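Topology and contacts: notes
Next come the chains, spelled out residue by residue.
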Amino acid sequence: MLIRSSGHISDGFFLFSLGESCHYALAALNPHTLDDDSSPQSAPSLSETFSPAAIPPARIENVPFVVFDPGTTAHAQQLAQRFTQAGLKIENLSLILLTHLHPERCAGASWLASRAGNAKVVGSSQMAAALRNSEVCQALLDADLGWSKEFGIVATPPNKKIAPLTIHEEVMDGEILGVGDDVTIRVLNSPGHTAESLWYLIQPHGILIGDDLIGHYRGRSPPTPAADFDFEGAQASLKRLERVAWSGIGLPFNGLLVGKPARGFPKQVATVLEEVKAQIEHAKSNGISAEEIRAALQEQLFSSLSRDPVLRATRERSLSCVLKMFSVEAPQNS
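Residues numbered from 1 in each chain as written. Predicted model: local features only at pLDDT ≥ 70, side-chain atom pairs only at ≥ 80, totals over all residues. Heavy atoms only, no water.

**Some words on the sheet that holds strand β1 (residues 2-3)**
Pairing between the strands of a sheet is mediated by backbone hydrogen bonds and can be parallel or antiparallel. Taken in spatial order, the seven strands make up an open sheet running β1-β16-β15-β12-β11-β10-β9, and their pairing is mixed. Of all the strands in the sheet, just β1 and β9 (176-179) have a single pairing partner and so form its edges. Relative to strand β16 (residues 256-258), strand β15 (residues 248-250) runs antiparallel, the two sharing three bridges. Bridging from a neighbouring strand, Gly248 pairs with Val258 of β16. Across the face of the sheet, helix α7 (residues 231-243) comes into contact with β10 (183-189), β11 (198-203) and β12 (207-209) while running at roughly 150° to β10. (Pairing = 2+ DSSP bridges. Helix = DSSP H or I, 4+ residues; strand = E, 2+ residues; numbered from the N terminus. Contact = heavy atoms within 4.5 Å. Axes fitted to C-alpha atoms, helices over the stretch in contact; angles between N-to-C directions.)

Spelled out as structure tokens, the structure:
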């Protein structure tokens, strides 16, 4: 089952959809005492069909919460409004957890941390090292400004610059972060989409939050793969995700995938990656041009009818990365 509805999903877990981009928040609530009757049976399972449920305001107004991948600054501004509508106070935001450093997923973290006041940006040591490079930081700022213009949003007053993105708290593989007394987040090092990629496992919810390594869900059609950095690393990370116990995946696009479709999804993505590799190698051995290979993959896996420029741009980037990964030469401009 794919859940697309914005708002409170279950047990203090929130999904906020902005266009095709999906952003997740987690409040430090005891999963067994959310409802007025404090009944453990009242919290719905992610494997069941259910509707998003409102949380009584008194239960959440002073509760700390965390957010995963806030997107661009334009997205982060919208998220701040969504938090308020959901009953989450921005000043209670404690952690901003990043999965990787592509600007459409992380560039708004500085604005959001500044807006919250005391929120820390969490990421890997590789992210922290990359962000100490002024050129990387400037590229993120430039890309963020470009997205703000794309959306027609003034992301910050002209006389106030957004601070460069900084990792305040470095985490490593296997580390456990606490959210209140009853909820934990386990860090999983998962390179493949990028070199620095992290995934996060939320317990007791059993929800995985990560980057595009898992690909783009397309219903009955094969998923769009997004091993932008490393084919072998992506396959190893996908196999690792198969071995972890979880019940749902918070996709960066499309929504929250739960139940049987979710459990089989990493293997499905890995299979598609292998098929793409085989198709490219077969095409190259038969003298098929790079332009024809690109066009065929675009039609089969990487096209999108969505009007969301972020989704279109990420798929185009993933296609270019796949072609480069398997040494398919781009056609020369005349």
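**A short note on unusual backbone geometry**
A cis amide bond links Gln203 with the next residue in sequence, Pro204, at an omega value of 10°. Tracing the backbone through its elements, the reader meets Pro204 in the loop between β11 and β12. Phi is positive for Asp11, close to 55°, though the residue is something other than glycine. One can find Asp11 in the loop between β2 (7-10) and β3 (13-18). For Asp11, a relative accessible area of 13% puts it in the buried group. Located in the positive-phi region is Ser327, a residue other than glycine, with phi close to 55°. (Buried < 20%, exposed > 50% of the residue type's maximum accessible area, 1.4 Å probe, protein only.)

**As for the sheet that holds strand β4 (residues 21-27)**
Taking strand neighbours across the sheet as the criterion, the seven strands line up as β2-β3-β4-β5-β6-β7-β8 in an open arrangement whose pairing is mixed. Both edges of this open sheet fall to β2 and β8 (169-171), since each of them pairs with a single strand only. Going across the sheet, the axis of each strand differs from the next one's by a mean of 30°, ignoring polarity. The sheet contact formed by strand β5 (residues 65-68) and strand β6 (residues 93-97) spans four bridges and is parallel. Paired with Val67 across the strands is Ile96, a residue of β6. Across the sheet, helix α4 (residues 109-116) is in contact with β5, β6 and β7 (120-124); its angle to β6 comes to roughly 170°.

**Things to note about the packing of aromatic side chains**
Taken as a whole and assessed by the stated rule, the structure comprises eight aromatic pairs. Judged by centre distance (5.6 Å) and plane angle (15°), the ring pair of Phe13 and Tyr24 falls under stacked. With a gap of 11 residues between them, Phe13 in strand β3 and Tyr24 in strand β4 connect regions that are remote in the sequence. In terms of burial, Phe13 and Tyr24 fall into one category: buried. Taken together, the ring pairs connect Phe14, Phe16, Phe65 and Phe83 into an aromatic cluster. Positioned over the ring face of Trp246 is Arg263, at 4.1 Å from the centre of the ring. (Phe/Tyr/Trp six-rings, centres within 6.5 Å; stacked < 30°, edge-to-face > 60°. Lys NZ or Arg CZ within 6 Å of the ring centre and 35° of its normal.)

**Notes on empty space enclosed by the protein**
Unfilled space is identified by rolling a water-sized probe across the atoms. For the structure on display, the rule yields two cavities of 30 Å³ or more. Counted as a void, the second largest cavity has a volume near 30 Å³. What lines the second largest cavity is Cys22, His23, Tyr24, Phe68, Asp69, Arg105, Ile209, Gly210 and Gly250. Per-element accounting of the lining of the second largest cavity gives the leading share, three residues, to β4. Residue composition of the lining of the second largest cavity, by class: four nonpolar, three polar and two charged. (1 Å grid on protein atoms, 1.4 Å probe; cavity = no way out; pocket = protein on both sides within 12 Å on 5 of 7 lines; lining within 4 Å. Points joined across faces, edges and corners; volume = space filled by probe spheres on them. Nonpolar A, V, L, I, M, F, W, Y, C, P; charged D, E, K, R; others polar.)

**Some remarks on the environment of Ala28**
By the secondary structure assignment, Ala28 is in the loop between β4 and α1 (57-60). Relative accessible area serves as the criterion here: at 18%, Ala28 is assigned to the buried category. Setting aside anything within four residues of it in sequence, one finds Ala28 in contact with Val63, Pro64, Val179 and Gly180.

**Digging into the pairing of β9**
Only one face of β9 is buried, namely the one carrying Leu177 and Val179, since none of Ile176 and Gly178 on the opposite face is buried. Alignment of β9 against β10, held across four bridges, turns out to be antiparallel. Bridge assignment links Val179 to a residue of β10, and that residue is Val183. With antiparallel pairing between neighbouring strands as the criterion, β9 and β10 make up a hairpin whose turn holds three residues, including Gly180 at a positive phi of roughly 75°.

**As for the environment of Leu88**
The residue Leu88 is located in the loop between α2 (73-86) and β6 in this model. For Leu88, a relative accessible area of 2% corresponds to the buried category. Taking the C-alpha atoms as reference, Leu88 lies 9.6 Å from Ala25; in sequence the two are 63 residues apart. For Leu88, the contacting residues outside a window of four places in its chain are Phe14, Phe16, Ala27, Ile60, Phe65 and Phe83.

Spatial relationships are all this shows, so hold off on functional conclusions.
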